[in-house]
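Take a look at the letters that make up each chain.
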Amino acid sequence: MDDKAQIQEAIKSQGEVVRKLKAEKASKDQIDEEVAKLLELKAKLGGDDGKHQFVLKTPKGTRDYNPKQMAIREKVFSTIIHCFKRHGAETIDTPVFELKETLTGKYGEDSKLIYDLKDQGGELLSLRYDLTVPFARYLAMNKITNIKRYHIAKVYRRDNPAMTRGRYREFYQCDFDIAGQYDAMIPDAECLKIVYEILRELDLGDFRIKVNDRRILDGMFAVCGVPDDKFRTICSTVDKLDKMPWEDVKKEMVNEKGLSEAAADQIGTYVSMQGGMDLAERLLQDPKMSQSKQACAGLTDIKLLFSYLQIFQITDKVVFDLSLARGLDYYTGVIYEALLTQAGVAPVVEAQNGAPGSTEESVSVGSVAGGGRYDGLVGMFDPKGRKVPCVGVSIGIERIFSIMEQKAEACAEKVRTTEVQVMVASAQKNLLEERLKLVTELWNAGIKAEVMYKKNPKLLSQLQHCEESGIPLVAILGEQELKDGVVKLRVVANREEVDISRGDLVEEIKRRTS
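Residues numbered from 1 in each chain as written. Predicted model: local features only at pLDDT ≥ 70, side-chain atom pairs only at ≥ 80, totals over all residues. Heavy atoms only, no water.

The condition that has to hold: UniProt positions are given in the numbering used here, feature names are shortened, and annotations may be inferred rather than shown by experiment.
By the naming in an unreviewed UniProt entry, the chain goes by histidine--tRNA ligase and is assigned to Periophthalmus magnuspinnatus. According to the UniProt record, the Sequence similarities (unreviewed entry) comment for the chain is "Belongs to the class-II aminoacyl-tRNA synthetase family."

Structural data, given as structure tokens:
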């Protein structure tokens with residue numbers, strides 16, 4: 001009985017938390033999270049008859065999509081796929097789970113976020129963490145040496161979800177990759193052009209694309225005195241600069257990763273630099289950086305990349321930023337990330353001193369795309385270690401959905417969730433069969449049409465359904481229309497009606513809804 005009393009007390013206080021949040025008009029996600037806790041407590045208590053109650057909620061870090069949200073999602077997918085196809089990509093699909101060993105050791109510190117499936121006494125399996133590693137496995141397994149492909153599918157990460165910011169445990173990724181031996185920076189520049197086109201077409205607001213190169217980072221770490229075995233772990237720390245101030249990043253490098261303070265300060269000077277081709281030229285003359293062959297190769301490629309980006313007319317949104325690290329282990333060359341900025345694009349200023357990021361004048365909404373070159377990943381899977389150079393980009397689709405949904409809500413935009421062109425209605429009773437005959441004619445002609453599932457629906461309720469669903473036209477049948485061989489076509493928006501002969505109806509509907 002004590003347990004029951006404790007649970008009832010917990011329900012009472014959790015109820016207060018929910019009521020308070022509602023009174024304060026807190027975000028929907030915050031309220032939903034607390035309501036879910038309340039439901040769990042109530043389920044523990046059980047029903048009046050003492051039976052266990054089901055907790056009706058989605059698992060942590062996942063969500064359902066209602067028809068309105070799906071309509072927005074399909075529109076976004078359509079824009080992205082159209083862009084991928086415009087650039088000549090074909091598509092593939094791979095299993096949602098892979099052999100555990102396929103995914104192990106490819107993601108650096110993020111490997112702890114992989115979902116391992118329970119051992120069923122067979123193969124050890126894990127849910128895919130991204131679409132890039134399965135793609136590399138696919139290339140090696142099928143001995144493919146060149147392909148331009150896109151892949152849109154769900155991936156899984158045991159992350160701490162921040163659902164208001166579009167971070168989930170189950171989410172879609174949209175990937176575009178070019179595999180094959182090509183001349184330097186041409187495919188890389190096209191990937192950046194694709195990001196630019198997609199973000200422009202989706203009209204999400206201002207954005208900028210940060211570019212760097214893994215070789216420049218590794219060269220920088222070497223000349224700053226970072227031991228070889230600490231490159232990757234220091235790289236993961238630098239990758240946190242978009243979430244943490246430099247002081248905290250430096251603290252992690254020195255206190256947790258055991259780097260000397262002098263080395264950390266030197267890294268701090270470099271990672272505060274931003275610019276374009278001019279910065280690459282300046283760093284090639286830098287007394288320290290010029291000592292590293294690796295860094296020089298990366299800087300030469302960045303210069304070449306910017307020359308192509310100028311031809312593609314996208315340099316207004318691209319910035320060479322030495323703080324960009326991208327924590328994944330498999331990158332070998334150019335890396336990039338696209339960020340939305342709330343107050344417009346942050347000015348591209350090269351900080352000579354001061355803390356990295358001190359030149360930012362606009363608030364970054366977060367990364368909406370990222371990618372880079374990974375020339376060694378396919379070779380990891382190939383029995384003979386044959387390499388297939390690859391470069392690609394992943395569009396952060398969930399974050400884009402969150403922004404699009406917020407925009408639709410903010411401007412109270414009416415989102416149509418169906419594509420029905422015409423409703424077949426009747427003005428009198430006993431015309432069900434005639435309505436079904438007409439709707440069959442329309443379906444057979446490829447017209448998107450609908451009919452009410454009632455023998456004798458009221459005309460008013462049929463018209464109301466059209467207004468609520470956004471159906472533009474109503475084809476009305478009555479005794480007189482059937483005698484005259486016509487259909488009364490009504491335009492829902494202005495209520496204008498016109499008699500159309502039955503034989504011309506399909507063409508008329510197509511003309512009016514094209």
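After that view, the rundown keeps rolling.
### Focus: the overall build of the chain
Where we set the bar: Secondary structure is summarised from DSSP: a helix means a run of H or I of at least four residues, a strand means a run of E of at least two, and numbering begins at the N terminus for each. Buried residues are those whose accessible area, probed at 1.4 Å on protein chains only, stays under 20% of the maximum for their type, while exposed residues exceed 50% and partly exposed ones sit between those limits. Method for areas: the Shrake-Rupley scheme with a 1.4 Å probe, in which residue coverage is limited to the protein chains shown.
Counting its secondary structure elements, the chain contains 18 helices and 16 strands. Dimensions of the chain, computed from C-alpha atoms along their principal axes, come out at roughly 90 × 70 × 50 Å. By the burial criterion, 48% of the 514 residues in the chain qualify as buried. As displayed, the chain offers around 26,400 Å² of accessible surface, 50% of which is attributable to carbon and sulfur atoms.

### Let's talk about the packing of aromatic side chains
Aromatic ring pairs are described here by two measures, namely the spacing of the ring centres and the angle between the planes. What counts here: Working definition: rings of Phe, Tyr and Trp (its six-membered ring) pair if their centres are within 6.5 Å, and the pair is stacked with planes under 30 degrees apart, edge-to-face with planes over 60 apart, and tilted otherwise. Think of it as a cone above the ring: NZ of Lys or CZ of Arg counts as a charge over the ring if it is within 6 Å of the ring centre and within 35 degrees of the ring normal.
Here the structure, examined in full by the defined rule, presents eight aromatic pairs. Measuring from ring centre to ring centre gives 5.8 Å for Y196 and F207, while their planes differ by 75 degrees; the resulting arrangement is edge-to-face. Here the residue Y196 occupies a position in helix α6 (residues 186-202), and F207 occupies one in strand β6 (residues 207-213), the gap between them amounting to eleven residues. On the basis of relative accessibility, which here comes to 8%, the residue Y196 falls in the buried class. Among the aromatic side chains, those forming a connected cluster through ring pairs are F77, Y172 and F401. Geometry around Y65 places R73 over its ring, the cationic atom sitting 3.8 Å from the centre.

### Comments concerning the sheet that holds strand β12 (residues 422-426)
Quick reminder of the rule: Only strands joined by at least two bridges in the DSSP assignment are considered to pair. Axis definition: a line fitted to C-alpha atoms, limited for helices to the stretch in contact. Angles are taken between N-to-C directions and run from 0 to 180 degrees. For this analysis, residues touch if any pair of their heavy atoms sits within 4.5 Å.
Here five strands make up an open sheet; going across it, the order is β13-β12-β14-β15-β16 and the pairing mixed. A single partner strand is all that each edge strand has here, and the edge strands are β13 (449-451) and β16 (497-501). Averaged over all pairs of adjacent strands, the angle between their axes in this sheet comes to 30 degrees, without regard to strand direction. Here five bridges tie strand β15 (residues 486-491) to β16, and the two strands are oriented antiparallel to one another. Looking at the pairing, V486 lines up with S501 of β16. Packing against the sheet, helix α16 (residues 459-469) makes contact with β12, β13, β14 (473-477) and β15, and its axis sits at approximately 170 degrees to β12. The strands that helix α18 (residues 505-513) touches are β12, β14, β15 and β16; relative to β15, the one it contacts most, it runs at about 10 degrees.

### Focus: empty space enclosed by the protein
In plain terms, the rule: Two kinds of site are reported from a 1 Å grid over the protein atoms alone, namely cavities, where a 1.4 Å probe fits but cannot get out, and pockets, open sets with protein on both sides within 12 Å along at least five of seven lines, and residues are called lining when an atom falls within 4 Å of a point. Grid points are joined across faces, edges and corners, and a volume is the space filled by probe spheres set on the points. Polar here means any residue outside two lists: the nonpolar Ala, Val, Leu, Ile, Met, Phe, Trp, Tyr, Cys and Pro, and the charged Asp, Glu, Lys and Arg; Gly therefore counts as polar.
As enumerated under the stated definition, the model contains one cavity of 30 Å³ or more in all. Volume-wise, the largest cavity comes out at about 60 Å³. In terms of lining residues, the largest cavity is bounded by T62, R63, Y65, R73, K154, Y168, E170, Y172 and E398. Of the residues contributing to the lining of the largest cavity, the split by class is three nonpolar, one polar and five charged.

### Digging into the pattern of salt bridges
This is how the line gets drawn: Just to be clear on terms, a salt bridge is a Lys or Arg side-chain nitrogen sitting within 4 Å of an Asp or Glu carboxyl oxygen.
Per the counting criterion, the structure on display carries 36 salt bridges. We note a salt bridge from E405 to R63, for which the minimum N-O separation is 3.0 Å. Here R63 lies in the loop between α2 (28-45) and α3 (67-86) and E405 lies in helix α14 (residues 397-410), a separation of 342 residues in the sequence. The pair formed by E405 and R63 is uniform in burial state, with each residue classed as buried. Between R511 and E508 there is a salt bridge, with its nearest N and O atoms 2.7 Å apart.

### Comments concerning the pairing of strand β8 (residues 318-321)
Side chains V318 and F320 project from β8 onto one buried face, and the interleaved V319 and D321 project onto a second face that is buried too. As paired elements, β6 and β8 share three bridges and run parallel to each other. Following the sheet pairing, K210 is matched in β8 by V319. The pairing of strand β7 (residues 274-275) with β8 spans two bridges and is antiparallel. Considered in β8, the bridge of G275 is made with F320.

### Some points on the domain arrangement of the chain
Heads up, the rule is: Segment limits for the domains were obtained from an automatic or database-derived domain assignment.
With domains assigned, the chain is organised as domain 1 (1-45), domain 2 (67-343 + 364-411) and domain 3 (422-512). Relative to domain 3, the C-alpha centre of domain 2 lies at a distance of 52 Å.

### Side note on the packing of α3 against α14
The condition that has to hold: Working definition: roughly parallel below 35 degrees, roughly antiparallel above 145 degrees, roughly perpendicular at 65 to 115 degrees, and oblique for all remaining angles. Less than a right angle of anticlockwise turn of the near helix away from the far helix marks a crossing as left-handed, whereas a clockwise turn marks it as right-handed.
One way to put it is that α3 packs onto α14 with a least axis distance of 10 Å and a crossing angle of 125 degrees. In terms of orientation, α3 and α14 fall into the oblique class. Between α3 and α14 lies a crossing whose hand is right-handed. Along its contact with α3, which presents Q69, I72, R73, V76, F77 and I80, the element α14 presents I397, E398, I400, F401, M404, E405 and A408. When the residues that make up the contact of α3 with α14 are grouped by side-chain class, the tally is nine nonpolar, one polar and three charged.

### A few points about helix α12 (residues 293-311)
Along an α-helix, residues three or four apart share an orientation, since each turn contains 3.6 residues. What counts is decided by this rule: To estimate the expected span of a helix, subtract one from its residue number and multiply by 1.5 Å.
With 19 residues, α12 ought to run about 27 Å at 1.5 Å a step, and its terminal C-alpha atoms sit 28 Å apart, in line with that. Restricting attention to buried positions, one finds in α12 the residues A295, C296, G298, L299, D301, I302, L305, F306 and L309.

### What to know about the nonpolar core
Inclusion rule: In these notes, a set of buried Ala, Val, Leu, Ile, Met, Phe, Trp, Tyr and Cys residues joined through side-chain atoms within 4.5 Å is what counts as a nonpolar core.
M220, F221, I267, F320 and L322 are the most contacted members of the largest nonpolar core, which has 103 residues in total. Broken down by element, the residue count for this core peaks at nine residues, all from α6. Core analysis: the second largest hydrophobic core is formed by 18 residues, V424, L477, L489 and I500 among them.

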